[in-house]
Amino acid sequence: MIRTHPNDPPLTAGEAAKVGWYIARMAKRAIAGEDVDLSDLQAKVDRIIDGARKRADQDGK
(Lines give C-alpha, C1' and ligand atoms only; values in the text may rest on other atoms or scores of the structure.)
Protein backbone atom coordinates (compact mmCIF):
# COMPACT_ATOMS: atom_id res chain seq x y z
CA MET A 1 0.00 0.00 0.00
CA ILE A 2 1.18 3.47 -0.88
CA ARG A 3 0.51 6.52 1.30
CA THR A 4 0.04 9.75 -0.67
CA HIS A 5 -0.88 12.12 2.17
CA PRO A 6 -1.31 11.56 5.93
CA ASN A 7 -5.07 12.20 5.69
CA ASP A 8 -5.61 9.98 2.64
CA PRO A 9 -6.13 6.20 2.76
CA PRO A 10 -3.40 3.88 1.49
CA LEU A 11 -3.55 3.26 -2.25
CA THR A 12 -2.85 0.03 -4.09
CA ALA A 13 -0.16 0.05 -6.74
CA GLY A 14 -2.79 0.25 -9.48
CA GLU A 15 -4.58 3.14 -7.83
CA ALA A 16 -1.31 5.01 -7.32
CA ALA A 17 -0.42 4.49 -10.98
CA LYS A 18 -3.79 5.85 -12.10
CA VAL A 19 -3.49 8.87 -9.81
CA GLY A 20 0.02 9.51 -11.15
CA TRP A 21 -1.23 9.25 -14.73
CA TYR A 22 -4.08 11.70 -14.10
CA ILE A 23 -1.75 14.16 -12.37
CA ALA A 24 0.64 13.97 -15.33
CA ARG A 25 -2.26 14.69 -17.68
CA MET A 26 -3.29 17.64 -15.50
CA ALA A 27 0.27 19.00 -15.70
CA LYS A 28 0.30 18.59 -19.46
CA ARG A 29 -2.98 20.48 -19.76
CA ALA A 30 -1.78 23.18 -17.38
CA ILE A 31 1.07 23.92 -19.78
CA ALA A 32 -1.56 25.00 -22.31
CA GLY A 33 -2.68 27.85 -20.09
CA GLU A 34 -4.64 28.93 -17.05
CA ASP A 35 -8.03 28.74 -18.77
CA VAL A 36 -7.89 24.97 -19.36
CA ASP A 37 -10.53 22.94 -17.52
CA LEU A 38 -9.06 20.27 -15.21
CA SER A 39 -12.25 19.38 -13.35
CA ASP A 40 -12.79 16.09 -15.19
CA LEU A 41 -9.35 14.77 -14.19
CA GLN A 42 -9.70 16.09 -10.64
CA ALA A 43 -13.03 14.24 -10.35
CA LYS A 44 -11.35 11.00 -11.48
CA VAL A 45 -8.61 11.39 -8.85
CA ASP A 46 -11.22 12.14 -6.19
CA ARG A 47 -13.18 9.05 -7.22
CA ILE A 48 -10.09 6.85 -6.85
CA ILE A 49 -9.30 8.28 -3.41
CA ASP A 50 -12.93 7.89 -2.30
CA GLY A 51 -12.87 4.25 -3.41
CA ALA A 52 -9.65 3.66 -1.49
CA ARG A 53 -11.15 5.32 1.58
CA LYS A 54 -14.24 3.08 1.32
CA ARG A 55 -12.03 -0.02 0.99
CA ALA A 56 -9.94 1.04 4.00
CA ASP A 57 -13.09 1.50 6.09
CA GLN A 58 -14.37 -1.94 5.10
CA ASP A 59 -11.02 -3.56 5.86
CA GLY A 60 -10.93 -1.90 9.26
CA LYS A 61 -14.31 -3.29 10.31
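In what follows, the structure referred to is the one given above.
Residues numbered from 1 in each chain as written. Predicted model: local features only at pLDDT ≥ 70, side-chain atom pairs only at ≥ 80, totals over all residues. Heavy atoms only, no water.

A. Geometry of the overall build of the protein chain. Summing up its helical and strand segments, the protein chain has two helices and zero strands in all. Dimensions of the protein chain along its principal axes, counting C-alpha atoms only, are 45 × 20 × 15 Å. In the protein chain, which comprises 61 residues, the share counted as buried stands at 20%. Taking contacts inside the protein chain between residues at least 6 apart in sequence as the whole, the part at least 24 apart equals 43%. (Helix = DSSP H or I, 4+ residues; strand = E, 2+ residues; numbered from the N terminus. Buried < 20%, exposed > 50% of the residue type's maximum accessible area, 1.4 Å probe, protein only. Contact = heavy atoms within 4.5 Å.)

B. Structural detail: the nonpolar core. By size, the foremost hydrophobic cluster in this structure holds nine residues: Leu 11, Val 19, Tyr 22, Met 26, Leu 41, Val 45, Ile 48, Ile 49 and Ala 52. Take this core: its biggest share by element is five residues, from helix 2 (residues 39-60). (Core = buried A, V, L, I, M, F, W, Y, C linked by side-chain atoms within 4.5 Å.)

C. Spotlight on helix 1 (residues 13-32). An ideal rise of 1.5 Å per residue puts 28 Å on 20 residues; helix 1 measures up with 29 Å between its terminal C-alpha atoms. Here helix 1 has its buried residues at Glu 15, Val 19, Tyr 22 and Met 26. Seen along its axis, helix 1 keeps its buried residues to an arc of 65°; they face one direction. Of the exposed residues in helix 1, those oriented more than 90 degrees away from the buried face are Ala 13, Ala 17, Trp 21, Lys 28 and Ile 31. Residues of helix 1 that are buried sit in contact with helix 2. Just past helix 1, the residue Gly 33 takes up positive phi, approximately 150°. (Expected span 1.5 Å × (residues − 1). Arc of directions from axis to C-beta.)

D. Highlighting the pattern of salt bridges. Under the criterion given, the structure shown has four salt bridges. A salt bridge links Arg 53 to Asp 8, with the shortest nitrogen-to-oxygen separation between them at 3.5 Å. With Arg 53 in helix 2 and Asp 8 in the segment before helix 1, this pair connects stretches of sequence that are 45 residues apart. Here Asp 50 makes a salt bridge to Arg 53, at a shortest N to O gap of 3.3 Å. (Salt bridge = Lys/Arg side-chain N within 4 Å of Asp/Glu carboxyl O.)

E. Representation of the environment of Gly 51 within the structure. As for its position among the elements, Gly 51 is in helix 2. The partly exposed category is assigned to Gly 51, whose relative accessible area is 34%. Each C-alpha atom, one on Gly 51 and one on Leu 11, is 9.4 Å from the other, the two residues being 40 residues apart in sequence.

Just geometry here; none of it tells us what the structure is for.
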